[in-house]
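Examining the three-dimensional arrangement
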Amino acid sequence: MAAHLSYGRVNLNVLREAVRRELREFLDKCAGSKAIVWDEYLTGPFGLIAQYSLLKEHEVEKMFTLKGSRLPAADVKNIIFFVRPRLELMDVIAENVLSEDRRGPARDFHILFVPRRSLLCEQRLKDLGVLGSFIHREEYSLDLIPFDGDLLSMESEGAFKECYLEGDQTSLYHAAKGLMTLQALYGTIPQIFGKGECARQVANMMIRMKREFTGSQNSIFPVFDNLLLLDRNVDLLTPLATQLTYEGLIDEIYGIQNSYVKLPPEKFAPKKQGEGGKDLPTEAKKLQLNSAEELYAEIRDKNFNAVGSVLSKKAKIISAAFEERHNAKTVGEIKQFVSQLPHMQAARGSLANHTSIAELIKDVTTSEDFFDKLTVEQEFMSGIDTDKVNNYIEDCIAQKHPLIKVLRLVCLQSVCNSGLKQKVLDYYKREILQTYGYEHILTLYNLEKAGLLKPQTGGRNNYPTIRKTLRLWMDDVNEQNPTDISYVYSGYAPLSVRLAQLLSRPGWRSIEEVLRILPGPHFEERQPLPTGLQKKRQPGENRVTLIFFLGGVTFAEIAALRFLSQLEDGGTEYVIATTKLMNGSSWIEALMERPS
């Protein structure tokens, strides 16, 4: 059991166990020893639901990464390919199967598509002459993966681009399927709210799927009260700004992949007396980050400026606990101290790791450039000088700073001005193409199509109206003991989370005007519950809302929603689901066209 998945109002271990059971059943179909050939992208998500020990119990003896040419030698009866339904991967699989040594012992081939089988892929395998080689061709519907006690992600890296640029609704179908799985395990969600075009489509798909399963009545008592579906393009601003929570900054600077982060090793080398700096490790330090670690659960969602004081307080508590050993006089006291030792040592190791990470982050956040960039971002978000060419951005281009950094800032300015004046936009585009190369013209086109970098139409900037009505900018933010969600960006309250907050109380009727300005329809659907399953809420019991971000979510938004869940009089606890955990850089990167 993964204990950290069951601490919240909704026990996400139920979902994890369901997907593990499905995996075990498939592995048992392929009797005998097995080797798994992995599509590399899937190894991270799979690691969150099944460790190697589970695979080993089901006779998995070898694991390989999917590569061209021949498969490595393995004395096993079954070869199983775990792959996403991508045509280019089918070509690699065919190459593997065709180069199989006919002289060796015959091996059985199987293929498991994650999360869906694809007729196109099977046709490609048929055209390449290998479809008949596969005994089992099945799908493994790993739609939503539990990351933490209140967090689920599909980890679909192309979802935003597919939905908003290519008009491909596959990931929306997977999202609807994932929500149907959740309802099968946790009961029908009585109310669905949504904002945006993709949200509307997912809701329609869910209603259609429910109609198709009319025979089977869901008799599970509902755990969730509401579902809120939110399109990423309703709030394009939030991911572009630099996140200022501890977890958000780790992701901004080092990138968190499937709850792991790789860090420069020199900060984590044990310091030995008199050895100076020789023999420093060169392998990156890999740490898992989730709420199973007590200290991380406490500091992950704090504004980074509030982390230092928590760490120093913890250091005092831990050293005081270790000092207790001098006071242990009797055998009973010594025994009690020894029994607490493993927990204390784990706490000391955890504190050392997070102190090192905080030092690494502080090196970045105290730099002059970080301060300059943050100042510009905050000026844009509070509505200052959004309509003219910005000096800092000009300097960044002139000094050839990383292109993603420049694009994030230009897009942020565009979004905070409801599009840029044509001459400002043309100037930025010209400067970017001349400095970074004309191959980026396709990237600029993609950003425009996604609504991130565009000319202002109708000559009107709607952002000030949205900002004032939704109170998106707060001047006096208490970063140490926050009273509002704006602490996650030191002043800016994430628009997406503000919408969730207002839906919970007083309801969206109070902001009809702003909802009309934001893109896409807003709607409400009710799903009738069988008699006897209606919830009678106890006095003081919070509602549970599942909020699904279609197109990705940032750690700062997650922190803001956790803050709302913990409010004494908040009335709502949130469970967060998304197509992808992301930050502004990974988001822009997914929209960039790679020159071939």
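Refer to the structure presented above.
As a starting point, this report considers the structure included with it. (Residues numbered from 1 in each chain as written. Predicted model: local features only at pLDDT ≥ 70, side-chain atom pairs only at ≥ 80, totals over all residues. Heavy atoms only, no water.)

Notes on unusual backbone geometry
Across the junction of V114 and P115, the peptide omega takes the value 0°, indicating a cis bond. Within the secondary structure layout, P115 lies in the loop between β4 (108-113) and α5 (119-127). Each neighbour pair has its own omega, and for R505 with P506 the value is 10°, a cis peptide bond. A positive phi is found at D385, a non-glycine position, where the angle reads about 50°. Assignment of secondary structure puts D385 in the loop between α13 (368-381) and α14 (391-398). Of note, K400 is a non-glycine position whose phi angle comes to about 55°, a positive value. Relative to the helices and strands, K400 is located in the loop between α14 and α15 (403-415). (Helix = DSSP H or I, 4+ residues; strand = E, 2+ residues; numbered from the N terminus.)

Quick word on the pattern of salt bridges
Applying the stated criterion across every chain yields a total of 33 salt bridges. Notably, a salt bridge pairs R107 with E100, separated by 2.8 Å at the nearest N-O pair. Here R107 and E100 have matching classes, each one buried. Each of D148, D150, E247, R300, D301 and R562 takes part in one network of salt bridges that share partners. (Salt bridge = Lys/Arg side-chain N within 4 Å of Asp/Glu carboxyl O. Buried < 20%, exposed > 50% of the residue type's maximum accessible area, 1.4 Å probe, protein only.)

What about the sheet that holds strand β2 (residues 60-65)?
Think of a sheet as strands paired side by side through backbone hydrogen bonds, with each pair either parallel or antiparallel. Here five strands make up an open sheet; going across it, the order is β2-β1-β3-β4-β5 and the pairing parallel. Edge positions in the sheet fall to β2 and β5 (134-139), since each has one partner strand and no second. Averaged over neighbouring strand pairs, the angle between their axes works out to 20° when direction is ignored. Relative to β4, strand β3 (residues 78-83) is paired through six bridges, and the arrangement is parallel. Its bridge partner lying in β4, I80 is registered against H110. Packed onto the sheet, helix α2 (residues 40-47) meets β1 (34-38), β2 and β3 and runs at close to 110° relative to β1. (Pairing = 2+ DSSP bridges. Axes fitted to C-alpha atoms, helices over the stretch in contact; angles between N-to-C directions. Contact = heavy atoms within 4.5 Å.)

Here's the deal with the nonpolar core
It is characteristic of soluble globular proteins that their nonpolar side chains tend to be buried jointly. Judged by nonpolar contacts, the single largest core of 168 residues is most densely connected at F46, F82, L452, L499 and F548. For this core, the leading source of residues is α15, giving nine residues. Excluding residues that lie within four positions of it along the chain, L499 makes contacts with L230, V234, L470, W508, I511, L515 and L518. Grouped together as the second largest cluster of nonpolar side chains are 24 residues, V76, M90, L131 and F134 included. (Core = buried A, V, L, I, M, F, W, Y, C linked by side-chain atoms within 4.5 Å.)

Notes on the pairing of β5
Pairing analysis gives five bridges linking β4 to β5, with the strands arranged parallel. In the sheet register, H110 faces β5, and the bridge partner there is H136. Considered for its hand, the β-α-β crossover made up of β4, α5 and β5 is right-handed. (Right-handed = clockwise from strand over helix to strand, strands pointing away.)

So, the sheet that holds strand β13 (residues 522-526)
Read across the open sheet, the seven strands follow the order β6-β7-β15-β14-β9-β8-β13; overall the sheet is mixed. Among the strands making up the open sheet, the edge pair consists of β6 (145-148) and β13. Taking each pair of neighbouring strands and ignoring which way they run, the sheet shows an average axis angle of 20°. Summarising the sheet, strand β8 (residues 191-195) and β13 pair through five bridges and their orientation is antiparallel. Its bridge partner being in β13, F193 is matched across the sheet by E524.

Points about the pairing of strand β15 (residues 572-578)
Across the seven residues that make up β15, a large majority, six, are buried. One ladder, built from three bridges, connects strand β7 (residues 151-153) with β15; its direction is parallel. Pairing of L152 across the sheet is with A577, part of β15. Bridge analysis of strand β14 (residues 543-550) against β15 gives seven bridges, and the strand direction is parallel. By the bridge assignment, T545 is partnered in β15 with Y574. Chirality of the crossover, the property in question, places the unit of β14, helix α21 (residues 555-566) and β15 among those that are right-handed.

A closer look at the packing of aromatic side chains
The full count for this structure, using the stated rule, is 15 aromatic pairs. Ring geometry for F81 against F134: centres 6.1 Å apart, planes inclined by 75°, an arrangement best described as edge-to-face. Note that F81 is positioned in strand β3 and F134 in strand β5, a separation of 53 residues in sequence. F134 carries the same exposure label as F81, and that label is buried. Judged by centre distance (5.3 Å) and plane angle (75°), the ring pair of F160 and W587 falls under edge-to-face. Residue F160 is located in helix α6 (residues 159-164), and its partner W587 is located in helix α22 (residues 584-591); the two are separated by 427 residues in the primary sequence. Through successive ring pairs, a cluster of aromatic residues spans W38, F46, F82 and Y140. Here the guanidinium or amino end of R200 rests over the ring plane of F523, the centre of that ring lying 4.1 Å away. (Phe/Tyr/Trp six-rings, centres within 6.5 Å; stacked < 30°, edge-to-face > 60°. Lys NZ or Arg CZ within 6 Å of the ring centre and 35° of its normal.)

Quick word on the side chain of T443
Within the secondary structure, T443 is located in helix α17 (residues 441-449). What T443 contacts, discounting residues up to four positions off in sequence, is L407, L591, M592 and E593.

Overview of empty space enclosed by the protein
One pass over the structure, following the stated rule, counts three cavities of 30 Å³ or more. In this structure, the largest cavity encloses a volume near 70 Å³. The wall of the largest cavity is formed by F147, D148, L151, E247, I256, S259, L289, N290, R300, F555 and L581. Lining the second largest cavity, in full, are L15, V19, S141, D143, L144, G178, T181 and L182. Put simply, the parts of the chain that give the lining of the second largest cavity at least two residues each are α1 (13-29) and α7 (170-186). For the lining of the second largest cavity, the element with the highest residue contribution is α7, accounting for three residues. Across the lining of the second largest cavity, the residue classes break down as four nonpolar, three polar and one charged. (1 Å grid on protein atoms, 1.4 Å probe; cavity = no way out; pocket = protein on both sides within 12 Å on 5 of 7 lines; lining within 4 Å. Points joined across faces, edges and corners; volume = space filled by probe spheres on them. Nonpolar A, V, L, I, M, F, W, Y, C, P; charged D, E, K, R; others polar.)

Some points on the environment of T435
Structurally, the position occupied by T435 is in helix α16 (residues 422-436). Sequence separation between T435 and S133 is 302 residues; the distance between their C-alpha atoms is 52 Å.

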